[in-house]
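Residue-level structure breakdown
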Amino acid sequence: MQRSRKRKLQRAAKQAFVTMPIAAGMLALAPHAYAQEQALLEEVVVTAQKRSENLQQVPLSIQALNTEKLEQLDIQNFEDFARLMPSITTSSGGSGFSNVYMRGVASGDNINHSGSQPSVGIYLDEQPITTITGALDVHMYDIARVEALAGPQGTLYGASSQAGTIRIVTNKPDTAAFDAGFGLEGNTLSGGDMGYVAEGFVNLPLSDKAAIRLVGWSKRDPGWVDNVQGTRTYPVSGITKDNADLVEKDYNQVDTNGARLALRLDLDENWTISPVVMGQRTKSGGINSYDPSVGEDKLTHFFPERADDKWIQSSLTVEGKVGNWSLTYAGAYMERSVDVDSDYTDYSFFYDVFAGYGAYLYDNNYELVDPSQYVEAKDRFNKWSQELRIASPQDASVRFVGGLFVQRQYHDIQQNYQIAGDIADWITVAGDPPPGLGYTLTAWPNTIWLTKQDRVDRDKAIFGELSWDVNDKLTLTGGGRYFESENSLKGFFGYARGFSSNTGEDACDGETGPTRPGREPEGEEYNEWLAHRTAPCTNVNKVTAEKDHIFKFNATYKFDGERMVYATWSEGYRPGGINRRGSLPPYQADFLTNMEIGWKTTWGGNFRFNGAVFQEDWDDFQFSILAANGLTEIRNANTARIRGVEADFQWAATAGLTLSGGFALLNAELTENYCGYVNTATGKPETNCDQPLAAEGTQLPITPEFKGNLTGRYEFPMGGFDAHFQATLAYTGEARIDLQDKDFAGQGSPTYNDPDSDVGSFDPADFNGTGYTDAYTVVDLSFGISKETYSVELFVNNLLDERAVLNRWAECRLGICGEQLYYTTNMPRSVALKYTHKF
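Residues numbered from 1 in each chain as written. Predicted model: local features only at pLDDT ≥ 70, side-chain atom pairs only at ≥ 80, totals over all residues. Heavy atoms only, no water.

As a further point, take the overall build of the protein chain. A tally of helices and strands in the protein chain yields seven helices and 40 strands. Here the protein chain holds 839 residues, and 58% of them are scored as buried. In the protein chain, of all internal contacts separated by at least 6 residues, the share reaching a separation of at least 24 is 71%. A total accessible area of about 33,000 Å² is found for the protein chain, and carbon and sulfur atoms account for 54% of it. (Helix = DSSP H or I, 4+ residues; strand = E, 2+ residues; numbered from the N terminus. Buried < 20%, exposed > 50% of the residue type's maximum accessible area, 1.4 Å probe, protein only. Contact = heavy atoms within 4.5 Å. Areas by Shrake-Rupley, 256 points an atom, 1.4 Å probe, with all protein chains shown as cover.)

Quick look at the structure:
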C-alpha cells in the first residue's frame, strides 16, 4: 500500500521550513551589522563547458564551491560535499564505496563488481575517476573548486554522465610566487573515538616558466560502532561460534593518507604541459551500521572486517593554441586495488536454520565442521583515458568545442566465500565419501563459492557543441555525441563440488580450462593451474557491444548582463553489459531524456538566485536485483519519470553577513509496472502482470522528495582579530530504500513462476521490506578567529546529535536473512579544533 505523496510532501516542507529559520536567527549577533556598507558577491569561474566562464553565464543547472567556501564549511570528503548539494544523493557502502545519484535518477543499484556503470560521472581535473565499485573518495584539500552539473551531460562528458557530472578541480602550480600552508585538526565523536587531520601544501616556482606543487594529508576518522561479545549456535551441527577475541569499541575507524605532486611547465606563451601524480590509501575497520537487536551503535560479528583501498593516478594535460583556436589533450592512467574482508555469518546461520546447509560441511574424517562463512574480496582495477579537443575563440559569435575520447577500464575480480572449518578436499579425502558431501573448491582451501573474473569496459566517442549568438540577447546551442561501447566478462563463478550440480565446479567438465573428472592429478597443465590458484574453468565468456548517439539543444535569452533564462533538451546514456549469470542475456544501454527550463539572476550585485524546473524520462533503465543463489542480476526495467525543481541563492546582506542555501523538490516514480521478466513476444520488459515487483507510481529509491540547506556566516572584528560565526542547517527528507515491493525467492513458490524467466520464483510473503529512510536535520556550527597568516576554528558538526537511519539491509535475500537487518546511520555529533597557517 503506497503512502500518500501529498502527506509526505506536506510533512517534509513543514519540518524543513520550521527548522531552517533557526539557523538564520542564530546569526543575528550584531544589530548594527545591517547598517554597514553593502557587500558584493564575487564572480565564480567554472569550466563546466570545457572552457572558463562566469557561472552566471553558463546555461546549466550548476552549483560550485570554491577553495574559500570548502574551507569555511570544513568539507573534507565527498560525503560532506554531497550533503550540501540538494541535487546529489549518495548511497554509502563505506569510505570509497559510495554510489552517487543526481536528480533522483536511481533504481537502487548496488556496487557489485558485475553491476551497471554509474549514472553520475566524477572527474578529477580533466580525467574521469569513476569506477564500477564507486568513485574515488578524494580528500578535499587544496581544491580550487568542486562543480556539480545537474542533468544529462552526455554530449561533453559521455557514458557515466547520464544524470549529471561532478568535477573536482585542484589548485595548480603557480610560477608567480612561493606559497605554502598547513592545517592541524583534532576531533572527537559523541560516544565514540578521537580523530585527527594533518595536511599541508607547498607551491615552489622553479623559474618564470616552471613550478611544482606538493600536497599531502593524513587523517583519522574516529569510529563509533562497537563489536560486542556474543555467540551463535548452528542448529544442524550444534557448534557454537564465539567472537570474544574480536570484541572492540569504536571498531569502524578510517585512516586516510595521500599526496599529490603537480608540475607546470610553460613551453612558451601559448603552450603548457601539466603532469600530475596523485595517490591515496584508505584503511577502514568495521562497518557504519548496527544491529538493533543488540543495541544502538552495536553489533556482534564473528570475523575480522576491514577494507584497504589504494589508488594512484598519473595524468598529463597539454594546453596550447593553434592559430586562435585552443587545443587540449588530457590523458590519465589509474591503478586501484581494494581488499575487503567481511563477516558473512548471518548468511550461513539462516541458511542452516531454513535449509540445513551445515549438513553438507564435513572434514576429511567426515566430522561436521564450523559452517560460519566470511568473504575475502580482492579487486584490482586499471583505467586509462585520453581526450583530444579543440575550441574556437570564446569571444566569437559562433563558438565550437569538440573532440575525441577513448577509455578502457579493466577489473580483475576475486570474491572468495570461505568456511571457518576445514572442509573436505575431494583430492585427499579418505575412502569413499558419503553422498551429499560438499567439498572445498579445488586449490582454494575451505572455499565453497568463488568468483574469479576479468571485466573490461571500452568506450570511444566523438563529440561536439556549436553555439551561435543570434544577437546580443539570444544564443542557440546544439551538440551531439556518437559513441561505441563494449563490455566483456570472462572467468568463473559458482560453487565448489557437491553444492550444486548445474553451476560451479561440478559443471566444469567440458568447459574451457583444466578440469577434474577424476581424483588424481592429470599432468603438467593441471599442476600449473593448481600452483597458481586459478579458477577451475571458464563458465562465463561473453562480449556485448553497442553504438548509438545522443543530442542536446539549448536556447538562452539574456535580459541584461545579470539575468537570463534558458531552455534545454538533452540526452544522457549508460552503456549495457554482461550479466554474471551466464544463462541471462546482456542488459542494454539505458537513456535519460531531459527537458529543462532554468534561470540565472543577480540582483543589485549582492543577491544571486538560480534555479531550474525539469522533467526527465528514463527509458528501459537498468535495475539490479539480488536473485537466486544471492547473485546480482541486471535487467532493463521499463520506464520512469522524474519531475522536479531545484534552486539556490546567495545573499551578501552586509559587508559582514552572508546567507546561502538551496533546495530540490522531486517527484520520481515508475510510469509502468515492473514485473521482473521480459515478454518473449515483444522482447521488452513485461508490464502486465498480476503481482508486479514494483507497481506503476512507485517512488524511485534512495533520493528524498525534498532536500534543502541554509548557511549563514557573520564576520566581525574582535579584539584585534578577524572573527566569524557560521551556522549550517541541512535537511534531508525520507526516501524509499528499495524499488521492489516484492522479492525474488527462487524457491518455486506457487505464487509466481514465470516459465520464461531464469530468475525463478518469488513469494510476496518472502519480502518483509526495508521501508523508508528517516527524514533528518543536521545543524553544524563553527566559530573562528584569524590574523594575517593563521587562524583557529572550532567546529561542532551535528550539534543536536541527530541520528537517522539512512539504510536498512541484510547480508542475503530478505526472505532468509530478513530476520537480521542492519541499520546504517549518520555520524554522531563531533567537535573539532583546527589550526591553519599560511606562509
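Additional details are given in the paragraphs that follow.
This brings us to the pattern of salt bridges. According to the stated counting rule, one finds 37 salt bridges in the structure shown. Salt-bridge contacts for Arg264 lead to Asp266; the nearest nitrogen and oxygen are separated by 3.1 Å. Taken together, the salt bridges that share partners define one network made up of Lys50, Glu126, Glu387 and Arg389. (Salt bridge = Lys/Arg side-chain N within 4 Å of Asp/Glu carboxyl O.)

On to the sheet that holds strand S6 (residues 120-124). In space, the five strands of this open sheet follow the order S3-S8-S9-S6-S7, with mixed pairing throughout. Two strands close off the open sheet at either side, each with one partner strand: strand S3 (62-66) and strand S7 (127-128). Bridging between strand S8 (residues 143-150) and strand S9 (residues 164-170) involves seven bridges; their strand directions are antiparallel. Bridge assignment links Leu149 to a residue of S9, and that residue is Thr165. (Pairing = 2+ DSSP bridges.)

Time to look at helix H5 (residues 345-355). Judged by how many residues are buried, H5 sits mostly within the fold: eight of eleven residues are covered. Regarding H5, the residues found buried are Thr345, Asp346, Tyr347, Ser348, Phe349, Phe350, Tyr351 and Asp352.

The pairing of strand S35 (residues 721-732) with strand S36 (residues 776-787) spans eleven bridges and is antiparallel. Across the sheet, residue Phe725 finds its bridge partner in S36, namely Phe783. As paired strands, S36 and strand S37 (residues 790-797) are joined by seven bridges and run antiparallel to one another. Each residue of the ladder has a partner; that of Lys787, found in S37, is Tyr790. Following S36, the chain reverses through two residues before pairing antiparallel with S37; Glu788 in that reversal takes a positive phi of roughly 55°.

Counting residues in each nonpolar core, the largest one holds 53 residues, and the members touching the most others are Phe81, Ile88 and Ile166. Filtering out sequence-adjacent residues up to four positions away, Ile88 remains in contact with Phe78, Phe81, Ala82, Val100, Tyr101, Met102, Ala148, Ile166 and Lys707. Grouped together as the second largest cluster of nonpolar side chains are 16 residues, Tyr351, Ile448, Trp449 and Phe493 included. (Core = buried A, V, L, I, M, F, W, Y, C linked by side-chain atoms within 4.5 Å.)

Glancing now at the state of the cysteines. Counted according to the given criterion, the structure contains one disulfide. Here Cys675 is linked by a disulfide to Cys689, with a sulfur-sulfur distance of 2.0 Å. Note on the Cys675 and Cys689 pair: the S-S dihedral is about -95°, so by sign convention the disulfide is left-handed. One end of the pair, Cys675, is in the loop between strand S33 (657-670) and strand S34 (706-718); the other, Cys689, is in the loop between S33 and S34, with 14 residues separating them in the sequence. Cys675 gets classed as buried once you look at its relative accessible area, which sits at 1%. (Disulfide = S-S within 2.5 Å.)

We now examine the environment of Tyr362. By the element assignment, Tyr362 lies in the loop between H5 and strand S22 (373-391). Judged by its relative accessible area of 25%, Tyr362 falls in the partly exposed class. Between the C-alpha atoms of Tyr362 and Gly438, which are 76 residues apart in sequence, the distance is 7.4 Å. Discounting residues that sit within four places of it in the chain, Tyr362 has contacts with Glu367, Leu368, Val369, Asp422, Ile423, Ala424 and Leu437.

We now examine unusual backbone geometry. One non-glycine residue, Ile702, adopts positive backbone phi at about 80°. Turning to its location among the elements, Ile702 is positioned in the loop between S33 and S34. On the basis of relative accessibility, which here comes to 14%, the residue Ile702 falls in the buried class.

Moving on: the sheet that holds strand S18 (residues 289-290). Pairing between sheet strands relies on hydrogen bonds along the backbone, with the strands arranged either parallel or antiparallel. With antiparallel pairing, three strands are arranged side by side in an open sheet as S18-S39-S38. Edge strands, defined here as strands with exactly one partner in the open sheet, are S18 and strand S38 (805-809). In this sheet, strand S39 (residues 822-825) lies alongside S38 in antiparallel orientation, the contact comprising four bridges. Bridge pairing in S39 links Arg808 to Tyr823.

Glancing now at the pairing of strand S10 (residues 179-189). Two elements, S10 and strand S11 (residues 194-205), share ten bridges in a ladder whose sense is antiparallel. Considered in S11, the bridge of Gly181 is made with Phe201. Adjacent in sequence and paired antiparallel, S10 and S11 are bridged by four residues, among which Gly191 carries a positive phi angle near 70°. Pairing analysis gives nine bridges linking S10 to strand S40 (residues 830-838), with the strands arranged antiparallel. Bridging across to S40, Thr188 finds its partner in Val831.

A cluster of nonpolar side chains, namely Phe178, Val202, Leu204, Leu206, Leu214, Leu261, Val277, Ile312 and Phe839, defines an oily patch on the protein surface of about 820 Å² accessible area. Overall, the relative accessible area of 39% leaves Val277 in the partly exposed class. (Patch = residues over 30% accessible without salt bridge, like charges linked within 9 Å, V, L, I, M, F, W, Y side chains within 5 Å.)

If you trace the backbone, Gln253 turns up in the loop between strand S15 (240-242) and strand S16 (254-266). Residues in contact with Gln253, not counting those within four places in the same chain, are Arg220, Asp221, Pro222, Gly223, Glu248, Lys283, Ser284 and Gly285.

On to the environment of Lys838. Structurally, Lys838 is set in strand S40. A relative accessible area of 38% places Lys838 in the partly exposed class. Residues Lys838 and Phe201, 637 residues apart in the sequence, show an inter-C-alpha distance of 9.5 Å. Those residues within four positions of Lys838 in sequence are excluded, and the remaining contacts are Glu71, Ala180, Gly181, Phe201 and Thr789.

Along the chain, Ala262 turns up in strand S16. Judged by its relative accessible area of 5%, Ala262 is buried. Expressed as a C-alpha distance, the spacing of Ala262 and Ser314, which sit 52 residues apart in the sequence, is 9.9 Å. Setting aside chain neighbours within four positions, we find Ala262 in contact with Pro173, Ala211, Ile212, Arg213, Pro275 and Val276.

The subject of this paragraph is the packing of aromatic side chains. Applying the stated rule across the entire model yields 27 aromatic pairs. When the centroid spacing of 4.8 Å and the interplanar angle of 25° are considered together, the rings of Trp809 and Tyr822 count as stacked. Of this pair, Trp809 sits in strand S38 while Tyr822 sits in strand S39, placing them 13 residues apart in sequence. When its relative accessible area of 1% is taken as the criterion, Tyr822 is described as buried. (Phe/Tyr/Trp six-rings, centres within 6.5 Å; stacked < 30°, edge-to-face > 60°.)

So, on to the confidence of the model for the protein chain. Of the residues in the protein chain, 84% reach a pLDDT of 70 or more, and the chain-wide mean stands at 85. Segment residues 512-521 is flagged for pLDDT under 50; beyond a separation of four residues in sequence, or across chains, it makes 29 contacts in the model. (pLDDT = per-residue confidence, 0-100.)

Okay, the side chain of Asp370 next. Relative to the helices and strands, Asp370 resides in the loop between H5 and S22. You can call Asp370 buried: its relative accessible area is 15%. Leave out the neighbours within four places in its chain, and Asp370 touches Tyr234, Ile239, Lys241, Ile419, Ala420 and Gly421.

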